[in-house]
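Inside the fold
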Amino acid sequence: MVKIAIIGTGYVGLTTGACFAEAGHDVVCVDNDLKKVTLLESGKIPIYEPGLEPIVKKNVLSKRLRFTGKIAEGVNHAEVVFIAVPTPPRPDGSVDMSFVEKVACEIAGAMIEYKIIVDKSTVPVKTGEKVAQVIKRYNRRKVDFDIVSNPEFLREGCAVQDLMQPDRVVIGVGSDRPVAKMKEVYEPFHAPIVVTDINSAELIKHACNSFLALKISYINAVSAICEASGANVEDVAHGMGLDKRIGRAFLNAGLGYGGSCFPKDISAFVHIAEHLGYDFRLLKEVQNINAEQIERFMKKIHETLWIVQDKAIAVLGLAFKPNTDDMRLAPSLDVIHRLQKEGARIRAYDPKAMDKAREILDGVEFCDSPYTAARDVDALLICSEWDEFRHLDLEKLRSVMGQPVVLDGRNVLDPKQMEKLGFVYKSIGR
Ligand code: UGA
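Right, let's walk through the structure included here.

A count of helical and extended segments in the chain gives 18 helices and 14 strands. Taking 2.2 N^0.38 as the reference for a compact globule, 430 residues should give roughly 22 Å; the C-alpha atoms of the chain span a radius of gyration of 23 Å, in line with that estimate. In terms of its C-alpha atoms, the chain occupies a principal-axis envelope of roughly 75 × 45 × 40 Å. Each of the 430 residues in the chain was classed as buried or not, and the buried ones make up 54%. When the 56 basic and 59 acidic side-chain charges of the chain are each reduced to a single mean position, those positions are 2 Å apart.

What follows covers the site of the ligand. Taken together, the neighbourhood of the ligand is formed by 20 residues, with Phe-153, Leu-154, Glu-156, Lys-205 and Asn-209 sitting nearest. Measuring from an oxygen atom of the ligand, one finds a backbone N or O atom of Glu-156 at 2.7 Å. Between the ligand and the protein, one listed contact pairs an oxygen atom with a side-chain N or O atom of Arg-410 at 3.3 Å. Burial of the ligand by the protein chains amounts to 93% of its free accessible area of 710 Å². Element by element, the count of residues in the shell around the ligand is highest for helix α9 (residues 198-229), at three residues. Of the residues assigned to the shell around the ligand, the class counts are nine nonpolar, four polar and seven charged.

Turning our attention to the side chain of Asn-150. Structurally, the position occupied by Asn-150 is in the loop between β6 (145-149) and α7 (159-164). Among the polar contacts made by the side chain of Asn-150, one reaches the side chain of Tyr-186 at a distance of 2.6 Å. Among all residues touching Asn-150, those that are not within four sequence positions of it are Phe-82, Val-118, Asp-119, Lys-120, Val-169, Val-170, Ile-171, Met-182 and Tyr-186.

So, about the sheet that holds strand β13 (residues 405-408). The strand order β11-β10-β9-β12-β13-β14 describes an open sheet built from six strands, whose pairing is parallel. Whereas interior strands pair on both sides, the edge strands pair on one side only; in this sheet they are β11 (364-366) and β14 (424-426). Strand-to-strand twist across the sheet, computed as the mean angle between neighbouring axes with direction ignored, equals 20 degrees. Bridge analysis of strand β9 (residues 312-316) against strand β12 (residues 379-382) gives four bridges, and the strand direction is parallel. Bridging from a neighbouring strand, Val-315 pairs with Leu-381 of β12.

Summarising the element assignment, Lys-244 is placed in the loop between α10 (233-241) and α11 (262-275). By relative accessible area, which is 81% here, Lys-244 ends up exposed. Placed 119 residues apart in sequence, Lys-244 and Val-125 show a C-alpha to C-alpha distance of 30 Å.

Attention now moves to the packing of aromatic side chains. On inspection of all chains with the given rule, the structure shows nine aromatic pairs. Relative to Tyr-186, the ring of Phe-20 lies with its centre 5.6 Å away and its plane at 75 degrees, an arrangement referred to as edge-to-face. In this pair, Phe-20 sits in helix α1 (residues 11-22) while Tyr-186 sits in helix α8 (residues 179-186), placing the two residues 166 residues apart along the sequence. Per residue, the accessibility class of Phe-20 equals that of Tyr-186, and both read buried. Ring-pair connections join several aromatic residues into one group, and the members of that group are Phe-20, Phe-82, Tyr-186 and Phe-189. Lying across the ring of Tyr-114, Arg-177 places its NZ or CZ 3.6 Å from the centre.

What follows deals with the nonpolar core. Ile-301, Leu-318, Leu-339, Leu-380, Leu-381, Leu-397 and Phe-423 are the most contacted members of the largest nonpolar core, which has 65 residues in total. Once residues lying within four places of it in the same chain are set aside, the contact partners of Leu-339 are Met-298, Ile-301, Val-308, Ile-313, Ala-344, Ile-346 and Leu-381. Counting 40 residues, the second largest nonpolar core, distinct from the first, contains Val-27, Val-118, Val-160 and Val-173.

Let us now look at helix α12 (residues 281-305). Taking 1.5 Å per residue, 25 residues should reach 36 Å; α12 reaches 36 Å between its end C-alpha atoms and fits that length. Of all the residues in α12, the buried ones are Leu-283, Val-286, Ile-289, Asn-290, Gln-293, Ile-294, Arg-296, Phe-297, Met-298, Lys-300, Ile-301 and Leu-305. One or two positions beyond α12, positive phi appears at Trp-306, with a value near 65 degrees.

Cut-offs used in this document
Residues numbered from 1 in each chain as written. Predicted model: local features only at pLDDT ≥ 70, side-chain atom pairs only at ≥ 80, totals over all residues. Heavy atoms only, no water. Helix = DSSP H or I, 4+ residues; strand = E, 2+ residues; numbered from the N terminus. Rg over C-alpha atoms; globule rule 2.2 N^0.38 Å. Buried < 20%, exposed > 50% of the residue type's maximum accessible area, 1.4 Å probe, protein only. Lys, Arg positive; Asp, Glu negative; His and termini not counted. Charge placed at Lys NZ, Arg CZ, Asp CG, Glu CD. Near = heavy atom within 4 Å. Polar contact = N/O pair within 3.5 Å; in protein donor to acceptor, adjacent residues only side chain to side chain. Areas by Shrake-Rupley, 256 points an atom, 1.4 Å probe, with all protein chains shown as cover. Nonpolar A, V, L, I, M, F, W, Y, C, P; charged D, E, K, R; others polar. Contact = heavy atoms within 4.5 Å. Pairing = 2+ DSSP bridges. Axes fitted to C-alpha atoms, helices over the stretch in contact; angles between N-to-C directions. Phe/Tyr/Trp six-rings, centres within 6.5 Å; stacked < 30°, edge-to-face > 60°. Lys NZ or Arg CZ within 6 Å of the ring centre and 35° of its normal. Core = buried A, V, L, I, M, F, W, Y, C linked by side-chain atoms within 4.5 Å. Expected span 1.5 Å × (residues − 1).

Here it is in structure tokens:
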């Protein structure tokens, strides 16, 4: 059992804290949002993440997981202090590191004995050096410490599984001293552990997210060629994916990547590279292709409907991907805003994200089922691939729609079946 503090209870901090507690560690999570602390203390969570709430509840009850607003309480409790605060993008694509810096100062001020300070937030390479300088400067009692980089690879929607059964754990260190304790933290998860230097660990995170985004843009570019040639992108991805060197994952063509990680991290990596004197042209093209996917989808809508003004359009799937209520940089937002600008009326449905969508979308009619959303519409769009949409009663759907027009931005439905049922059906790259 390791005594752990996690500073920041966002997606990464909260899930990590809960899973560490579940694995038997003694965890204190710190957040400066006291309302959130009170909510979490009652075992409730502010996000939709499958399987997370029961773990939080259980470990709060067993007192292995506690929440506080006081950073000193967390730091004094812990042998290992994790920093898991946001690193949001600045308007120019660079990373705003002010939250990490502030937390580092506060940790330094609270330390009274040796601590391992671990950065879990996604940060630019060389951040560890900066954090070490800050801690040295504000560490009045001159307490000994080590800095570790331990990037997180969890995906929203399957965060608990990703944390409990990680593909690997990356530990970046400046000396051998913190290695044994870090291995103890991760021992219950039985994952391969990569021990490296801090700069390499930091780079692994940006390199992974960028590579996954590259796979998505690659297949999206291939989908354009499939459309032009009459090939089927699903079959192409299947044929590619069986090659063990390539793998089928992240070869789903569609509206492109969104969310709080890929768009931000790819911009950051381009920016970091530029700062270090390298023009990362490959990644800039990944960004361009991603943006083009929305343009190509809009073009399909125009080709099908001709005039969008005064049309009623249903949008199924608002979250940036299935199994989350996260609306940050969801492709659906871009599509809806463009259609509204052209004078369309939008009726929307999402299994989990409607509360969050209501806060950011104006003039949209939110409906309690896919069929209510589809009632009397001129077209229906699918923007995220919730399982629920794979099992729609298509005859019922067609019977409620004004016009049987479906534009599937995530290749959820089967083109042959849709055609047989009398739909005008268009999808991506097939
Ligand atoms: C991503 C990474 O997958 C995680 O490993 C990482 O820890 C996380 O970012 C992070 O940096 O915090 P996440 O953003 O939760 O996780 O979601 P993904 O499942 O990676 O999907 C990202 C976007 O790519 C979604 O919009 C999804 O719809 C899109 N996508 C994914 C595709 O368009 N095609 C695919 O084949 C796969």
